[in-house]
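Understanding the architecture of this molecule
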Amino acid sequence: MTQARPISADAMTLMTYRALPVPAMIALRFAAVVTTWAARRRTRIALAALEPWELDDAGLTPEQASAEASRVFWQA
């Protein structure tokens, strides 16, 4: 299962740096959101594919895993 990668310190610096043009700031924030969404989608697909014994190892019931896997990618 993959995990969402945190935004690097360099990216955060660029996002908070006031000298960047507004379109660049918007593009950086958009890229960060899309990256988060993609990670959620991959993680939920992988969660749906786990066997019951793997879910037990992770401390999840099949119902919990199903509920999480059925959420759409933009829901945290």
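Residues numbered from 1 in each chain as written. Predicted model: local features only at pLDDT ≥ 70, side-chain atom pairs only at ≥ 80, totals over all residues. Heavy atoms only, no water.

In the numbering used here, UniProt assigns the "domain: YjiS-like" (unreviewed entry) feature to residues 31-65. Secondary structure content for residues 31-65 is 83% helix and 0% strand, while the C-alpha to C-alpha distance between its ends is 28 Å. (UniProt positions renumbered as here; feature names shortened; annotations may be inferred. Helix = DSSP H or I, 4+ residues; strand = E, 2+ residues; numbered from the N terminus.)

Moving on to the environment of Arg-41. Mapping Arg-41 onto the fold places it in helix α2 (residues 22-48). Looking at Arg-41, the relative accessible area reads 51%, which means it is exposed. Put simply, Arg-41 and Arg-71 are 30 residues apart on the chain and 9.1 Å apart in space, counted from C-alpha to C-alpha. (Buried < 20%, exposed > 50% of the residue type's maximum accessible area, 1.4 Å probe, protein only.)

Looking now at the side chain of Arg-44. Looking at where Arg-44 falls in the secondary structure, it is placed in helix α2. A polar contact of 2.8 Å, which involves the side chain of Arg-44, links it to the backbone oxygen of Gln-75. Apart from the residues lying within four places of it in its own chain, the contact partners of Arg-44 are Glu-68, Ala-69, Arg-71, Val-72, Phe-73, Gln-75 and Ala-76. (Polar contact = N/O pair within 3.5 Å; in protein donor to acceptor, adjacent residues only side chain to side chain. Contact = heavy atoms within 4.5 Å.)

Below, the discussion takes up the packing of aromatic side chains. Counted according to the given criterion, the structure contains two aromatic pairs. Judged by centre distance (5.2 Å) and plane angle (65°), the ring pair of Trp-37 and Phe-73 falls under edge-to-face. Taken together, the positions of Trp-37 in helix α2 and Phe-73 in the segment after α4 (62-69) put the pair 36 residues apart, joining distant regions of the chain. Since its relative accessible area comes to 32%, Trp-37 is described here as partly exposed. Judged by its relative accessible area of 31%, Phe-73 falls in the partly exposed class. Between Phe-73 and Trp-74, the ring centres sit 5.0 Å apart and the planes meet at 85°, which makes this aromatic pair edge-to-face. The class for Trp-74 is exposed, based on a relative accessible area of 52%. Following the ring pairs from residue to residue traces out a cluster consisting of Trp-37, Phe-73 and Trp-74. (Phe/Tyr/Trp six-rings, centres within 6.5 Å; stacked < 30°, edge-to-face > 60°.)

With that out of the way, let us pick up the UniProt feature "transmembrane region" (unreviewed entry) in the protein chain. According to UniProt, the "transmembrane region" (unreviewed entry) feature falls on residues 20-39. Between the C-alpha atoms that bound residues 20-39 there is a distance of 27 Å. The span itself is 90% helix and 0% strand.

Before going further, it helps to spend a moment on the pattern of salt bridges. Tallied over the full model, the rule gives two salt bridges. Residues joined in a network through salt bridges with shared partners are Arg-44, Glu-68 and Arg-71. (Salt bridge = Lys/Arg side-chain N within 4 Å of Asp/Glu carboxyl O.)

On to the packing of α2 against α4. Interhelical geometry of α2 versus α4 gives an angle of 145° and a closest axis separation of 9 Å. Once α2 is placed against α4, the crossing between them reads as left-handed. Listed contacts from α4 to Arg-44, Leu-47 and Ala-48 of α2 are Ala-65, Glu-68 and Ala-69. Of the residues contributing to the contact of α2 with α4, the split by class is four nonpolar, no polar and two charged. (Axes fitted to C-alpha atoms, helices over the stretch in contact; angles between N-to-C directions. Left-handed = near helix turned anticlockwise from the far one by under 90°. Nonpolar A, V, L, I, M, F, W, Y, C, P; charged D, E, K, R; others polar.)

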